[in-house]
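Take a look at the letters that make up each chain.
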Amino acid sequence: QVQLVESGGGLVQPGGSLRLSCAASGIAFRLYTMRWYRQAPGKERELVAAVTSGGSRNYADSVKGRFTISRDNAENTVYLQMNSLKPEDTAVYYCNSLRVILGLESWGQGTQVTVSS
């Protein structure tokens, strides 16, 4: 059974930092593209960052230069380092795993990030 468990969300002031973690189990983690999505109230879920099995990374324009995605295949964990946070980064952040070649996809339960003074 696939499990993706996010942690690290919380309340932070504008300009602050948070590090999200997503621990995966039940999958051959190293073979999966791992992604972070977010969904703000009243908005559609959007892709924030992704890292492929080969280590290639891409980011939404809105977070480039502020967020960094990384993965630790030994720990089956993907991270999202978020710096210079803005109120518009407030959302529920979701971890996603994707085995592209097989079309296998799973989601975590989400972790709330609130950026407010």
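Everything numeric here is computed off the predicted structure, so don't read it as measured data.

Participant: Honestly, the state of the cysteines in this entry has me stumped. Any pointers?
Facilitator: Note on terminology: a disulfide is the covalent bond linking the sulfur atoms of two cysteines. If you walk through the whole model with that rule in mind, you get one disulfide. Here C22 engages in a disulfide with C95; their sulfurs sit 2.1 Å apart. Taking the sign of the S-S torsion, -80° for the link of C22 and C95, the bridge is left-handed. Taken together, the residues span a long stretch of sequence, with C22 in strand β3 (residues 18-25) and C95 in strand β9 (residues 91-99) at a distance of 73 residues.

Participant: Explain the environment of S116 to me, please; I cannot follow it from the model alone.
Facilitator: Residue position: S116 is located in the segment after β11 (111-115). Look at S116 and you get partly exposed, because its relative accessible area is 38%. Considered as a pair, S116 and F29 are 87 residues apart in the sequence and their alpha carbons are 34 Å apart. Excluding its chain neighbours within four sequence positions, the residues that come into contact with S116 are L11, V12, Q13 and P14.

Participant: Would you take a moment to explain the sheet that holds β3 for this structure?
Facilitator: Strands pair in a sheet through their backbones, by hydrogen bonds, and they do so in one of two ways: parallel or antiparallel. Pairing is antiparallel in the open sheet, where four strands are placed in the order β1-β3-β8-β7. Edge positions in the sheet fall to β1 (3-7) and β7 (67-72), since each of these pairs with one other strand and no more. The average angle at which neighbouring strand axes cross in this sheet is 15°, direction not considered. Examined bridge by bridge, β3 and strand β8 (residues 77-82) share six bridges and lie antiparallel to one another. Looking at the pairing, A23 lines up with T77 of β8.

Here is what the cut-offs are and how they apply
Residues numbered from 1 in each chain as written. Predicted model: local features only at pLDDT ≥ 70, side-chain atom pairs only at ≥ 80, totals over all residues. Heavy atoms only, no water. Disulfide = S-S within 2.5 Å. Helix = DSSP H or I, 4+ residues; strand = E, 2+ residues; numbered from the N terminus. Buried < 20%, exposed > 50% of the residue type's maximum accessible area, 1.4 Å probe, protein only. Contact = heavy atoms within 4.5 Å. Pairing = 2+ DSSP bridges. Axes fitted to C-alpha atoms, helices over the stretch in contact; angles between N-to-C directions.

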